[in-house]
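Inside the fold
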Amino acid sequence: MEEDKKSTAVQPEEAPKPKPRRRKAASPQSAADTPPAPTDSAEPPAADGQSTKKPAASPKKPRAKKNTKTTKTAKPKTPKAAKTAKKAPADETPERKAPAQESPVPAAPELAGPKSESKPEPPETPAREDAAAPTVPDVPSTPELPESAERAESAGTEPEPTADAPAADDTPAAEAPPEAAAADTAVTDTPEQTGDVPAEDAAEPSGLVFSDDLANDKALAAEAARMANISRTAQLSIAQIMAGLEENPAPSAGPAPAPEAPQHDSSDDEDDEPQDTIPQALGRGVFGMFKWLLLVVLFVLVIAGGGVAWLYRSATPDMLPEVKVTFDGQELAPTAYKWHVPVVGSFFRRTYAETLNFSPVVLEDAISDASPDIIVTPSDYSTQLTITDADKETVYEGSVTAFRSYLFAENGTFDAKLVVTASDSAAEDRSSVTGTETWQFRFIVSIKPSITLCTPTVQQGSVAAVRVGSTMSRTEPTLTGPLESTGFVRAANGWICYLPIPWNAETGNTELTVTADGYTETLTLSVRAASYSYKDYSAKSQLMSPYIGADDAPDAVRRLLTTDGGEIQWAVGGFVQPFLDSFDTPLLYGMTEYVGRSYSERSTNYGYGGRTSINVVIKPKKSKDSMIVPASGHVLLAEDLGGSYGYTVVIDHGAGLRSIFYGLTALDVEAGDDVKQGQLLGTSGRTVVAELRIGTVPINPLLVWRGQCDGLKYY
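Please read all numbers here as calculations on a predicted model, not as lab measurements.

Across five bridges, strand β3 (residues 336-344) lies against strand β10 (residues 434-445) in antiparallel orientation. Looking across to β10, one finds that Y337 is bridged to E437. With two bridges joining them, strand β5 (residues 361-362) and β10 adopt parallel strand pairing. Within the sheet, the bridge partner assigned to V361 lies in β10 and is F441. Where strand β9 (residues 412-422) lies against β10, eleven bridges are found, and the strand directions are antiparallel. Residue D415 lies in a different strand from β10, and its bridge partner there is R442.

Encoded structure:
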């Protein structure tokens, strides 16, 4: 205690110096934030100067090393600052060093901890908690480096370490002298460090016990204030020294501290980063623009996708086209369709497809026309029609328009497939509905050919005609009845059959049965009697000569009568008389010559023994008159048969109708010639026998030449 009092008595002159600080420290926060101004004492500058000149020559290496081990977080620069700060008060007087053992700042191990940190918030080291006499407490608002400097200055005021000094670090708090504890408490509560109260008020803190001598108490308070000012001054000096050491680091004379990972300031790292080059800046800008464009594209795609989805839902089956198809007046039902409804123009479409029926639809009514009509509505679609027969052979393939001219060749069962197509190329509006619709149907062609009796009533010696329309089987119809015929031949619109009516045919109704394409029809022909003349002679020498009866035809002619007839050739021009000039007919077709009949037989035209002509005997006005071809045809025979026949000519006019001329004196045609109506045939004799037959049945030539035979007018 005596040494305590001596140190207090030495310092009374410097106690009043902190008064100006008291005015400035009216606000505890400002006093804590603002560093104190340097005092008039010469010790702080000396300490500053010494610490600057000899940062690495401190003789207290063992203590610095011990502090480093104690804190375990000290950086390589921390021991240098501590050595410099402790070397500064080496020139002080012994009086000032005397009370160093009881100074409130004895803990050197604590100083190493704060000095080793470069950040503003240093962690509290365990050494401070274990020290018996804690040093000046940390000021929260002041930076770390000034606070460390202040602690270093307090440690610098201590005397040279003795044997007892190291022991102070290892001594527990319970073994510290009471005087040191009191001094430590006084220093800890100073306003310069805590910022709570002014410096002069720190002399009378609560909980402190002073001696009865008031002068000693004031001296102790003044000493505490002085020590606080010295600590602040040393703190500023150490901060400047540390700043200089960071700029110009010097190698330490002591042993190298443990390596520690360098800590870099983020601001310095940013300043040290190299500046971007122009290509890098452009690349970063392009990349940013690309991301922006990508976001725009994604946004547009989302909006477009929503719109397309709405349009897709709006494309309903109500938008499908309605196509109507009728075949031979019967409406057809579709079997399948596949339509594409536009959603976004012609780029995106919604498809509707369905198969309604896998088998063809069978039509109820049979087709009775060889050329049935098929109608597609609307007509602006393209069509493809395929028809196959029962043997799966294609009988027609093409469009509906071309089918209008098609004729079925036969009856039977047929399968048809119709495909209606609507395409973008055919449609004017590219955004219209496109696709196909299919019809498959099966129908039966049962065409009844038309059978017509052209001449319901005919007279004897004339010709009846029966016409049959086009047959599907392309086979020749047949006719049966009491009348002889050569059968049906091809005509312009089907088939035709000419029935020769003999001069002596039974009059009345005659039934004819016609069969075509499986259909049979019975026709009734009415035959009426013709008006024939007769002649009576008293002697046989008066009979007409030459006379060629039905059974008198030469064999050369008979053979030609049974051959098939060719195509009808009199259709152009018909028939004319074989002579250009007038002529006489001493013997007509159907005329009967009698010899020696009685008067009563003559009056009643009844008797036996007469002969009836089946041809016409012509006597020209002049001898050797020219003859012409009565109708176009083909010459079958042209030769001199001798005797009463003379030069004989046989012309085939077609359909079994043939012209025969006997008694010519000269011929202008030959067998095999095709002759035309009016062409020169030859030269007549005194008389000419003209005959016209259909098959083997003779008919009246005069009716034919004069156009009075109605049956031959149908071809």
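What follows deals with the pattern of salt bridges. Within this structure, the stated rule accounts for nine salt bridges. Its salt-bridge partner being K392, residue D415 comes within 3.5 Å of it at the nearest N-O pair. Of this pair, D415 sits in strand β9 while K392 is found in the loop between β7 (382-388) and β8 (394-398), placing the two residues 23 residues apart along the sequence. Classification of K392 by relative accessible area gives exposed; the value is 59%. Across the salt bridge formed by D710 and K713, the nearest N and O atoms sit 3.6 Å from each other. Via salt bridges that share partners, K392, D415 and R442 belong to a single interconnected network.

Here the focus is the side chain of D625. Within the fold, D625 resides in the loop between β23 (616-620) and β24 (626-628). K622 provides the closest opposite charge to the buried, salt-bridge-free D625, at an N-O distance of 4.5 Å.

A word on the nonpolar core. Within the largest apolar cluster, 40 residues are counted, with the highest numbers of intra-cluster contacts made by Y498, W570, L657, F661, L681 and L712. The element best represented in this core is strand β29 (residues 680-694), accounting for five residues. In this view, W570 contacts Y498, F575, A631, H653, G654, A655, L657, L712 and Y715; residues no more than four positions away in its chain are not counted. Among the nonpolar cores identified, the runner-up in size contains 35 residues, and L320, V400, Y406 and V420 belong to it.

Judged by pairing direction, the sheet is mixed, and its three strands sit side by side in the order β19-β21-β22 without closing on themselves. Looking at which strands have only one partner, the edges of the open sheet turn out to be β19 (534-537) and β22 (611-612). Here four bridges tie β19 to strand β21 (residues 592-595), and the two strands are oriented parallel to one another. Note that in β21 the partner of Y537 across the bridge is V595.

Right, let's get into the sheet that holds strand β15 (residues 488-491). Here we have four strands laid out as an open sheet, ordered β11-β13-β16-β15, and antiparallel in their pairing. Only two strands of the sheet have a single neighbouring strand rather than two, namely β11 (451-453) and β15. In this sheet, neighbouring strand axes are inclined to one another by 25° on average, regardless of whether the strands run parallel or antiparallel. Bridging between strand β13 (residues 463-469) and strand β16 (residues 494-500) involves seven bridges; their strand directions are antiparallel. Within β16, the residue paired with V466 across the bridge is C497.

What counts as what
- Residues numbered from 1 in each chain as written.
- Predicted model: local features only at pLDDT ≥ 70, side-chain atom pairs only at ≥ 80, totals over all residues.
- Heavy atoms only, no water.
- Pairing = 2+ DSSP bridges.
- Helix = DSSP H or I, 4+ residues; strand = E, 2+ residues; numbered from the N terminus.
- Salt bridge = Lys/Arg side-chain N within 4 Å of Asp/Glu carboxyl O.
- Buried < 20%, exposed > 50% of the residue type's maximum accessible area, 1.4 Å probe, protein only.
- Lys, Arg positive; Asp, Glu negative; His and termini not counted.
- Core = buried A, V, L, I, M, F, W, Y, C linked by side-chain atoms within 4.5 Å.
- Contact = heavy atoms within 4.5 Å.
- Axes fitted to C-alpha atoms, helices over the stretch in contact; angles between N-to-C directions.

Note that all results are geometric; they support no functional claim without further evidence.
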